[in-house]
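Residue strings, one per chain:
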Amino acid sequence: MGCNRNCGLVAGAVIGAVLAVFGGILMPVGDMLIQKTIKKEVVLEEGTIAFKNWVKTGTDVYRQFWIFDVQNPDEVALNSSKIKVKQRGPYTYRVRYLAKENITQDSETHTVSFLQPNGAIFEPSLSVGTEDDMFTILNLAVAAAPHLYPNAFVQGILNSLIKKSKSSMFQNRTLKELLWGYTDPFLSLVPYPVATTVGVFYPYNNTADGVYKVFNGKDDISKVAIIDTYKGKKNLLYWSSYCDMINGTDAASFPPFVEKTRILRFFSSDICRSVYAEFSAEMDLKGIPVYRFTLPSLAFASPSENPDNHCFCTEQIISKNCTLYGVLDIGKCKEGKPVYISLPHFLHGSPELAEPIEGLSPNEEEHRTYLDVEPITGFTLRFAKRLQINILVKPAKKIEALKNLKHNYIVPILWLNETGTIGDEKAKMFRNQVTGKINLLGLVEIVLLSVGVVMFIAFMISYCACRSKKVN
């Protein structure tokens, strides 16, 4: 009887030890299985989860606009007063709803090329007004004239055309005209061929962005979705410098197994450059653990603080010898037009940017850009891209509409918030297919290890106690 009992205790201890060892072995094996599955599913090729969502996003993406309506246009034009603006919005459009086109895999370079069609559908229920709402805004064509044509003689000719068309420094335009284009009366009188349609995002609808070529991750998962070329070039502004290189992904996804120390780089064709985000917090999104990465203030810093921005400082006067921070000159990829980008309301910008503008209220929570990334797959499950479009206006003695200006203005036109969040159904599917399986495997590992250790200790204690009684 005692022998049987001792044998039973020893057997129990052995079983506990086996369970503990099995649980310990299962941990690295489980991790390997997870990595193998993830590496397979994030490759951009037919049949994977990543490819299906990459071709056409299953998330509704919206672009909201807030327009800076000028309240005192005559004062500014006559006396070079501060520009008083009133923010009006949001006006919301659904974007990025069209599937990628001309998708072509290259097995030799392990890349996939494509075009991204553009389209915008107005969403009245998510807007404060209609596309016919009227705004007083900067006259884009008049403001750009002295910048594009600095020659005094040419400016004299342009001035006669501006007067003939009854154009001035400011104009009244509908939301639809401002965003998507209108025929400018001044440009329509220019006697040589010029584009006469003007709009902040013209042309957009029925156009396509690209051609993009990205790595599909087939040979190296650490490069998946990273852009190789855009429109056939690795370098957007055609200079040999780092800051205008096309770096990173399109921000819809990143290579998997994202660590908090990683810098996430992504390219935006809207602003003609790559930017980056840094880890800021762990968050829960519909039951899915995500890492929040935010765009740091250093991304818009002056070249003296951030050398990566040196190629966005194109002159010494406006930039105050390249010390001005919070705005970047992207005119090189906007056909030479005086376009500057910033964060909304000049968040993190030099004080002198907002000094000639009344009505701005920068707010970190409302105006920052962030990405919520699921760290195992690298998929972006929620994001908010927030940017402001500004136009430089300079005094011009030969152009009457601008001759009374006493200093330069970087005039805010609008700011946008492009945002998307994984839907409830997609989130449920993601939890079932990815996080649920990972959590279950992790739970099994812990349970086996814990039960094995407990059984081993319990049976060993019982065995020792039994042996002690037998000796006595």
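Residues numbered from 1 in each chain as written. Predicted model: local features only at pLDDT ≥ 70, side-chain atom pairs only at ≥ 80, totals over all residues. Heavy atoms only, no water.

Draft legend 1. Unusual backbone geometry, seen in detail. The linkage connecting G89 with the following residue, P90, adopts the cis geometry, with an omega of 5°. Relative to the assigned elements, P90 resides in strand β2 (residues 83–95). With an omega of 20°, the peptide bond between G210 and V211 qualifies as cis. One can find V211 in strand β10 (residues 208–215). (Helix = DSSP H or I, 4+ residues; strand = E, 2+ residues; numbered from the N terminus.)

Draft legend 2. Highlighting the side chain of E123. Considering the arrangement of structural elements, one finds E123 in the loop between β5 (120–122) and β6 (134–138). R94 is the oppositely charged side chain nearest to the buried, salt-bridge-free E123, at an N-O distance of 5.4 Å. The contacts of E123, once residues within four sequence positions are left out, are Y62, T92, Y93 and R94. (Buried < 20%, exposed > 50% of the residue type's maximum accessible area, 1.4 Å probe, protein only. Lys, Arg positive; Asp, Glu negative; His and termini not counted. Salt bridge = Lys/Arg side-chain N within 4 Å of Asp/Glu carboxyl O. Contact = heavy atoms within 4.5 Å.)

Draft legend 3. Highlighting empty space enclosed by the protein. With the rule as written, the count across this model stands at seven cavities of 30 Å³ or more. For the largest cavity, the calculated volume is near 140 Å³. Lining the largest cavity are 18 residues; nearest its centre among them are F312, C313, S319, L324 and V327. By residue number, the principal contributor to the lining of the largest cavity is strand β15 (residues 327–329), which donates three residues. Across the lining of the largest cavity, the residue classes tally to twelve nonpolar, four polar and two charged. (1 Å grid on protein atoms, 1.4 Å probe; cavity = no way out; pocket = protein on both sides within 12 Å on 5 of 7 lines; lining within 4 Å. Points joined across faces, edges and corners; volume = space filled by probe spheres on them. Nonpolar A, V, L, I, M, F, W, Y, C, P; charged D, E, K, R; others polar.)

Draft legend 4. Examining helix α4 (residues 140–148) more closely. Of all nine residues in α4, seven are buried, a share of seventy percent or more. Those residues of α4 that sit buried are L140, A141, V142, A143, A144, A145 and P146.

Draft legend 5. Expanded view of helix α5 (residues 152–164). Between the first and last C-alpha of α5 there are 18 Å, a value that for 13 residues agrees with the 18 Å anticipated at 1.5 Å per step. If you check which residues of α5 are buried, you get Q155, L158, N159, L161 and I162. Along the long axis of α5, the arc covered by the buried residues comes to 165°, so they all point the same way. Exposed side of α5, more than 90 degrees from the buried face: F153 and K164 are the residues found there. Tucked inside the fold, the buried residues of α5 contact α4. You can read the cap of α5 off the contacts: a side-chain oxygen lies 2.9 Å from the backbone nitrogen of F153, and it is on N151. (Expected span 1.5 Å × (residues − 1). Arc of directions from axis to C-beta. Polar contact = N/O pair within 3.5 Å; in protein donor to acceptor, adjacent residues only side chain to side chain.)

Draft legend 6. Examining the sheet that holds strand β3 (residues 101–106) more closely. Reading across the sheet, the four strands line up as β3-β4-β10-β11 and stay open at both edges, with antiparallel pairing between neighbours. Every other strand in the sheet has two partners, leaving β3 and β11 (227–230) as the edge strands with one partner each. Strand-to-strand twist of the sheet, defined as the mean angle between neighbouring strand axes without regard to direction, takes the value 20°. Bridging between strand β4 (residues 111–117) and β10 involves six bridges; their strand directions are antiparallel. Bridging from a neighbouring strand, Q116 pairs with D209 of β10. (Pairing = 2+ DSSP bridges. Axes fitted to C-alpha atoms, helices over the stretch in contact; angles between N-to-C directions.)

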